[in-house]
Each structure stands twice: as C-alpha cells, then as structure tokens.
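# Residue-level structural notes
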Amino acid sequence: GGAEPWNALSIDDITQVSTKRLTTRILEQATVEDLRKATERGDARAAVFLAYAYKNGLGGLEVDKAKGYELTRQSCEAGDRRGCVSLAFNLFNGKGVAADVPRAMQMFEGACREGIAFICVRVANFHAQGTNGIRQSPSMAQRFRVEGCVGNYPIACRYAGDGLRRGEGVPKSYEGAHPFYRLGCDGGDDVSCFYAAATLVETRSKSDPSIYPEVSR
C-alpha cells in the first residue's frame with residue numbers, strides 16, 4: 001500500500017533536494033522496472049527519475065543520454081515541475097540535445113520563481129561565475145540568492161547573508177546580512193546561526209546591553 005516512493009516526496013524534497021540525491025533514494029526503495037512501468041502508465045514524476053537513471057547509468061541501465069532527454073522532455077510537457085528543471089539542465093549542458101543556454105536560463109529562472117528554491121542557488125552561482133558564457137553579474141547572483149531564501153531554502157538565506165556581509169553585487173551591510181542569517185538559522189542551518197550571532201555583534205554598539213544578555217539581567 002501507500003504511494004510509490006517518487007510520489008511520496010515532501011514539498012521540501014521537491015523544492016530543495018537535487019535530482020541526483022532523490023533518484024539515489026528512490027532506487028533504494030524501487031527498481032528501474034517500477035519506474036518504467038509507471039512512466040508507461042503516464043506518471044510524469046516517475047519519468048523524471050527514470051530519465052536521470054538513463055542519463056547516469058543507474059539501477060543497472062546502460063547510459064543513454066538521448067533516451068534520458070526524451071523522457072525528461074515528456075515529463076516537462078506533462079507538467080511536472082521537476083521534469084522541467086531536469087530539461088533545463090539538459091539544455092544548459094547539451095546532454096542528449098544541442099545546448100541552448102538562453103532557453104535553459106529562462107526555464108531555471110521560471111522554476112526558481114515557482115518555488116524550486118535549490119535552483120535559485122544554482123542560477124545565482126551561474127551568474128556569479130559566468131558559467132557557459134552567461135555574463136558575470138554579482139548583483140544578479142545576489143538577487144537569486146534572495147529569491148531562494150524567499151522560497152524557504154535555508155542555505156540560500158545563508159548565501160544571501162554572505163553576499164551582503166561581503167558586499168558582492170550589493171553594498172556591504174552587516175545589518176542587512178543579519179536577518180538573512182537569522183532566517184537560515186531558523187531553517188536549521190548551523191553556519192547561518194554562527195553568522196547571525198556574529199553580524200548582530202558587529203551591528204550593535206558595544207555599550208548595548210542586549211548583546212550581553214547574561215550581564216544585563
């Protein structure tokens with residue numbers, strides 16, 4: 001009984017976890033054959049993970065990038081958001097299809113705005129590093145880190161805080177960085193907790209008793 005593992009994923013799985021990690025987890029609970037049967041029944045989500053298995057030769061399959069691309073395209077056309085993310089990666093890297101970086105970026109940015117928050121961080125990195133001929137833009141990178149944080153992805157909040165703390169693409173501001181670290185910390189990212197405390201100390205005057213709570217009582 002119960003839903004198949006690929007249909008039992010949480011919202012956090014869908015928005016925050018890479019296809020690689022999800023596929024690995026699903027293949028611990030199901031076989032490639034299970035995915036294939038579900039795909040043939042028209043299950044667009046199963047097609048996403050079967051496609052990844054083909055592209056990377058997982059679950060005993062031979063690597064077949066063209067087949068992987070075809071399945072990815074089908075899942076996206078059937079309306080699966082993760083299928084569209086995978087399709088964008090195919091187009092971005094030219095895997096199983098001719099590369100089309102502008103179209104891939106459009107799809108990535110759409111996925112980020114729709115709340116697939118881990119993609120916001122990837123897009124931020126592409127802009128920060130100028131990957132695949134994209135114009136390097138620290139301010140665009142920061143914009144997408146913030147977008148990922150808005151999508152409740154704690155790591156994105158930390159990176160948005162880092163951008164402000166270091167002044168990458170935005171004026172340097174410990175005060176601006178602090179709320180992002182606070183959000184990352186509240187989301188369970190320990191590194192964010194460290195910087196939330198550090199930026200608070202930086203922004204408060206040393207005479208402010210609230211940074212020494214045990215002394216001010």
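Residues numbered from 1 in each chain as written. Predicted model: local features only at pLDDT ≥ 70, side-chain atom pairs only at ≥ 80, totals over all residues. Heavy atoms only, no water.

## Focus: the packing of helix α9 (residues 138-150) against helix α10 (residues 154-166)
Worth spelling out the cut-off: Between N-to-C directions, angles span 0 to 180 degrees; the directions come from axes that are lines fitted to C-alpha atoms, helices contributing only their stretch in contact. Note on conventions: DSSP H or I runs of at least 4 residues are helices, E runs of at least 2 residues are strands, and numbering of each starts at the N terminus. It is the rotation of the near helix from the far one that decides the hand of a crossing: anticlockwise by less than a right angle makes it left-handed, clockwise makes it right-handed. Here, two residues are considered to be in contact whenever any of their heavy atoms come within 4.5 Å of each other. As a working rule, the residues Ala, Val, Leu, Ile, Met, Phe, Trp, Tyr, Cys and Pro are called nonpolar, Asp, Glu, Lys and Arg charged, and the rest polar, with Gly in that last group.
Between α9 and α10, the shortest axis-to-axis distance is 7 Å and the interhelical angle comes to 145 degrees. Once α9 is placed against α10, the crossing between them reads as left-handed. Note on element contacts: α10 touches α9 through Ala156, Cys157, Tyr159, Ala160, Gly163 and Leu164, opposite Gln142, Arg145, Val146, Gly148 and Cys149. Residue composition of the contact of α9 with α10, by class: 7 nonpolar, 3 polar and 1 charged.

## Focus: the state of the cysteines
What counts here: The definition used for a disulfide is geometric: two cysteine sulfur atoms within 2.5 Å. Each residue gets one of three labels from its accessible area relative to the maximum for its type: buried under 20%, exposed over 50%, partly exposed in between, using a 1.4 Å probe on protein chains only.
All chains considered together, the criterion is met by 4 disulfides. Here Cys76 pairs with Cys84 through a disulfide, and the sulfurs are 2.1 Å apart. An S-S torsion of about 95 degrees defines the bridge between Cys76 and Cys84 as right-handed. By relative accessible area, Cys84 is classed as partly exposed at 24%.

## Some thoughts on the side chain of Asp43
As a reminder, the rule being used: When charges are tallied, Lys and Arg are placed among the positive residues and Asp and Glu among the negative ones, while His and the ends of the chain are skipped. Should a side-chain nitrogen of Lys or Arg be within 4 Å of a carboxyl oxygen of Asp or Glu, the pair is scored as a salt bridge.
Mapped onto the fold, Asp43 is located in the loop between α3 (32-40) and α4 (44-56). Buried and without a salt bridge, Asp43 has Arg41 as its closest oppositely charged side chain, separated by 5.2 Å. Every residue in contact with Asp43, bar those within four places of it in the chain, is listed here: Trp6, Asn7 and Ala38.

## Topic: the environment of Val150
Relative to the helices and strands, Val150 resides in helix α9. Each C-alpha atom, one on Val150 and one on Gly115, is 8.5 Å from the other, the two residues being 35 residues apart in sequence.

## Regarding the environment of Glu175
Along the polypeptide, Glu175 turns up in helix α11 (residues 174-186). Accessibility expressed as a relative area gives 61% for Glu175, which makes it exposed. Separated by 24 residues in sequence, Glu175 and Thr199 place their C-alpha atoms 7.0 Å apart.

## Remarks on the nonpolar core
Test applied: As used here, the term nonpolar core means buried Ala, Val, Leu, Ile, Met, Phe, Trp, Tyr and Cys residues forming a set that is joined through side-chain atoms within 4.5 Å.
Core analysis: the biggest nonpolar cluster contains 48 residues, and Trp6, Phe49, Phe92, Met105, Phe108 and Ile119 have the highest contact counts within it. Breaking this core down by element, the ones donating at least two residues are α2 (19-29), α3, α4, α5 (65-77), α6 (81-93), α7 (101-113), α8 (117-129) and α9. Element by element, the count of residues in this core is highest for α8, at 8 residues. Beyond its immediate stretch of four places on either side in the chain, Phe49 contacts Trp6, Leu9, Thr19, Leu22, Thr23, Ile26 and Leu35. Formed by 8 residues, the second largest nonpolar core is a distinct cluster that contains Ala160, Ala177, Phe180 and Tyr181.

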